[in-house]
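Here are the chains, one letter per residue:
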Amino acid sequence: MKSALTKKKKFGYAFGIFTESLVYNMFYTYYLTFLIEIVGIQPKFSSIIIFISIAWDAVTDPIIGNYTDLPGVDKRKVMKISILPLAVVFIVAWTSIGAGFTSQTAKILLYTVISMCIWIFYTMYSIPYYAVVAELTEDYDERTSIRSLSSLLNALCVGLGNILPALVPTVAVLLGKKYQSNSYAVIAAIISILAVVLGYICCASLKGVYEPKQPKEGEPKPKFEIKSVFAAFGDILKLKPTKWFLLFVFFYLAMSSMIQSNLTYMVIDCIGMEYDTGIVFMILTLIVTMAVTVPIVEKVAQKKDRRFATILFLSIVLVLEVVIKLVGLDAEIGGFKVMAIISPAVLGIGNGTFWTLFYSMGYDLVELDEFKTGERRESTITALPQLVQKFGSAFGILMAGQLLSVYGYDASKDVAGNESLFTKVTDASVINGMENISTIIPAALLGISVLCCIIYPMTRKRYEALTEQLEKKRNGDAYTTEGFEKLL
């Protein structure tokens, strides 16, 4: 029998965000830079490596999601199995083993395969991690509360996942010239240790409050079949809110990953700060802003609903991104580069809002799917936005890498600056292009995301009407679709 979902259990679950988010943030912020500057792969090919590896993982999302939805499959065990392999492969991914290859093709193949392995184990952990919340409770506000706590800790994860890699120049000095190219691997090892310890704490906290679904009495244990994956996804895609929700996710993640992957160039070349100083200002501001935003967003979502809060806060971010472009990332007040504070603060508002609400918005589709099909598919419904999330993130990084090439950036042909391991751009047109990648282009993507959220029909009122009638349907009583017709 399940035990109560106590505050201690909620905190234990929330600590699991470290395993997912530390890996995610270091990869999305620094891997493009690592492949370009350390391994020596051209920007256009580096972004393709990331796109291919994440796109491959997006293919595995529905398979893993559908499998973990099968009665008798323990989501907690799937999470535990994935943690250690994820940590090991993550460390290998940041080594410079391919830097000495003269062939670009060899480098591309090596790091593509390694990256693909990261994302397979990441998915094995993250899909059950997020999906299990929909099994722990059906309460609208409690789901928001659980995700808000996780999102609040995620602000710390974002900080560690970005600040620790920012210490690469310092680590490089400590390692000496012979080993400095493996500075990122040292940081990856620290992050992997944290991911392993906190991931196991999360799994332990779910003991007693989560019980795997069992086959219905008299029915055989379902077997996993690939065709069932496509059938399940087909059912979910037929739900009216799904397409707008997925488009909202895709374009938001494309926006945020484009900015994140360009962070190093934004600090050094657009804002014009020393890397060590600028990155610390930006990451600390991002963390603090996310931490402040999360409880505010939660309160607004509880007072109104998740859709309203999302539209409100992301619209503010959209306006501010346009303002940043008009003012310029190199703006100063009293000699201080103010955009080292303002730009990450704006992104922090967006990320604090998105990561607090987006999974909870997806959980609402579980009850809608059950109402229409009679099945509960928490992991499959979690896997679908994760698939789109990764395509969106990969698209953002791909566009950043391709645009760097279009704007004429080539690290091997520029003038070396004082920043260890990095180069200093001197071409004004390239710098302007880098600024566009961090401001106006992401703003356009965010505009599409907000529009999709406006059209998305799932509100608190409709969800509550849905769950009321769903309970009647479960009990075999007469039910109607009054109050949530727009969801069907």
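Computed from a predicted structure; not experimentally measured.

Enquirer: Hey, could you run me through the overall build of the chain in this one?
Expert: Looking only at helices and strands, one finds 18 helices and four strands in the chain. In terms of overall size, the chain behaves like a compact globule, its C-alpha atoms giving a radius of gyration of 22 Å where 488 residues would be expected to give roughly 23 Å. Once the C-alpha set of the chain is aligned to its principal axes, its extents read approximately 75 × 40 × 40 Å. A total of 488 residues make up the chain; the buried ones form 59% of that total. Look at the contacts in the chain between residues 6 or more apart in sequence, and 84% of them connect residues 24 or more apart. Of the roughly 18,600 Å² of accessible surface on the chain, 66% is carried by carbon and sulfur atoms. Charge centroids of the chain, computed over 44 positive and 41 negative side chains, lie 3 Å from each other.

Enquirer: What is the right way to read the nonpolar core from this model?
Expert: In this structure, Trp-94 and Phe-248 are the most contacted members of the largest nonpolar core, which totals 154 residues. Beyond its immediate stretch of four places on either side in the chain, Trp-94 contacts Met-26, Phe-27, Tyr-30, Tyr-31, Phe-34, Asn-182, Tyr-184, Ala-185 and Ala-188.

Enquirer: Help me out: how do you make sense of the packing of helix H10 (residues 240–261) against helix H14 (residues 339–373) in this one?
Expert: Each packed pair of helices is defined by two parameters, the angle between the axes and the distance between the axes. For the pair H10 and H14, the least separation of the axes is 11 Å and the interaxial angle reads 155 degrees. In terms of axis orientation, H10 runs roughly antiparallel to H14. The interaxial crossing formed by H10 with H14 has left-handed handedness. On H14, the residues touching Pro-241, Thr-242, Phe-245, Phe-248, Val-249, Tyr-252, Leu-253, Ser-256 and Ile-259 of H10 are Leu-347, Gly-350, Asn-351, Phe-354, Trp-355, Phe-358, Met-361, Gly-362, Leu-365 and Leu-368. Here the contact of H10 with H14 is built from residues that sort into 14 nonpolar, five polar and no charged.

Enquirer: Help me understand the side chain of Glu-321, please; the structure alone is not making it clear to me.
Expert: Within the secondary structure, Glu-321 sits in helix H13 (residues 306–327). Lys-325 is the oppositely charged side chain nearest to the buried, salt-bridge-free Glu-321, at an N-O distance of 11 Å. Leaving out residues up to four positions away in the same chain, Glu-321 has contacts with Ile-259, Val-346, Ser-438, Thr-439 and Ala-443.

Enquirer: Would you take a moment to explain H13 for this structure?
Expert: Residues that lie three or four places apart on an α-helix share one face, since the helix turns once every 3.6 residues. Between its terminal C-alpha atoms H13 stretches 32 Å, which fits the 32 Å expected from 22 residues at 1.5 Å a residue. Every buried residue belonging to H13 is among Arg-306, Ala-309, Thr-310, Ile-311, Phe-313, Leu-314, Val-317, Glu-321 and Ile-324, and all of these are buried. Those residues of H13 hidden inside the fold are in contact with helix H6 (140–166), H10, helix H12 (275–303), H14, helix H16 (428–438) and helix H17 (440–455). Two or three places before Arg-307, at the opening of H13, Asp-305 has a side-chain oxygen 3.3 Å from that residue's backbone nitrogen. Positive phi shows up at Gly-328, right after H13, with a value of about 105 degrees.

Enquirer: Before we go on, may I ask you to explain a nonpolar patch on the surface in this structure?
Expert: A cluster of nonpolar side chains, namely Val-319, Val-322, Val-323, Leu-326, Val-327 and Ile-440, defines an oily patch on the protein surface of about 510 Å² accessible area. Within the element layout of this structure, Ile-440 appears in helix H17. For Ile-440, a relative accessible area of 34% gives the class partly exposed.

Enquirer: Would you take a moment to explain the side chain of Ser-449 for this structure?
Expert: Within the secondary structure, Ser-449 is located in helix H17. Separated by 2.8 Å, the side chain of Ser-449 and the backbone oxygen of Phe-248 make a polar contact. Sequence-distant contacts of Ser-449, defined by excluding residues within four places in its chain, comprise Phe-248, Phe-251 and Tyr-252.

Enquirer: Just checking my understanding: could you explain empty space enclosed by the protein for this structure?
Expert: Over the atoms rolls a probe the size of a water molecule, and its path tells where empty space is left. For the structure shown, the criterion picks out four cavities of 30 Å³ or more. The calculated volume of the largest cavity comes to roughly 130 Å³. The wall of the largest cavity is formed by 15 residues, among which Tyr-24, Asn-25, Asn-154, Val-158 and Trp-355 lie closest to the centre. Secondary-structure elements contributing two or more residues to the lining of the largest cavity are helix H2 (17–39), H6, H10 and H14. Broken down by element, the lining of the largest cavity gets its largest block of residues, five residues, from H2. Among the residues making up the lining of the largest cavity, the classes are represented as six nonpolar, seven polar and two charged. Estimated volume of the second largest cavity: approximately 70 Å³. Taken together, Ile-259, Leu-263, Met-266, Met-282, Ile-283, Leu-286, Glu-321, Ser-343, Pro-344 and Leu-347 make up the lining of the second largest cavity. Every element with two or more residues in the lining of the second largest cavity is listed here: helix H11 (263–271), H12 and H14. Its residues assigned to classes, the lining of the second largest cavity comprises eight nonpolar, one polar and one charged.

Enquirer: Mind showing me how you'd approach the packing of aromatic side chains here?
Expert: Here the distance between the centres and the angle between the planes together describe a pair of aromatic rings. Using the criterion set out here, one finds 39 aromatic pairs in the structure. Consider the rings of Phe-90 and Trp-94, whose centres lie 6.0 Å apart with planes at 70 degrees: the pair is edge-to-face. Trp-94 shares its class with Phe-90; the two are buried. Between Phe-354 and Trp-355, the ring centres sit 5.1 Å apart and the planes meet at 90 degrees, which makes this aromatic pair edge-to-face. Its relative accessible area of 1% is what places Phe-354 among the buried residues.

The rules behind each value
- Residues numbered from 1 in each chain as written.
- Predicted model: local features only at pLDDT ≥ 70, side-chain atom pairs only at ≥ 80, totals over all residues.
- Heavy atoms only, no water.
- Helix = DSSP H or I, 4+ residues; strand = E, 2+ residues; numbered from the N terminus.
- Rg over C-alpha atoms; globule rule 2.2 N^0.38 Å.
- Buried < 20%, exposed > 50% of the residue type's maximum accessible area, 1.4 Å probe, protein only.
- Contact = heavy atoms within 4.5 Å.
- Areas by Shrake-Rupley, 256 points an atom, 1.4 Å probe, with all protein chains shown as cover.
- Lys, Arg positive; Asp, Glu negative; His and termini not counted.
- Charge placed at Lys NZ, Arg CZ, Asp CG, Glu CD.
- Core = buried A, V, L, I, M, F, W, Y, C linked by side-chain atoms within 4.5 Å.
- Axes fitted to C-alpha atoms, helices over the stretch in contact; angles between N-to-C directions.
- Parallel < 35°, antiparallel > 145°, perpendicular 65-115°, else oblique.
- Left-handed = near helix turned anticlockwise from the far one by under 90°.
- Nonpolar A, V, L, I, M, F, W, Y, C, P; charged D, E, K, R; others polar.
- Salt bridge = Lys/Arg side-chain N within 4 Å of Asp/Glu carboxyl O.
- Expected span 1.5 Å × (residues − 1).
- Polar contact = N/O pair within 3.5 Å; in protein donor to acceptor, adjacent residues only side chain to side chain.
- Patch = residues over 30% accessible without salt bridge, like charges linked within 9 Å, V, L, I, M, F, W, Y side chains within 5 Å.
- 1 Å grid on protein atoms, 1.4 Å probe; cavity = no way out; pocket = protein on both sides within 12 Å on 5 of 7 lines; lining within 4 Å.
- Points joined across faces, edges and corners; volume = space filled by probe spheres on them.
- Phe/Tyr/Trp six-rings, centres within 6.5 Å; stacked < 30°, edge-to-face > 60°.

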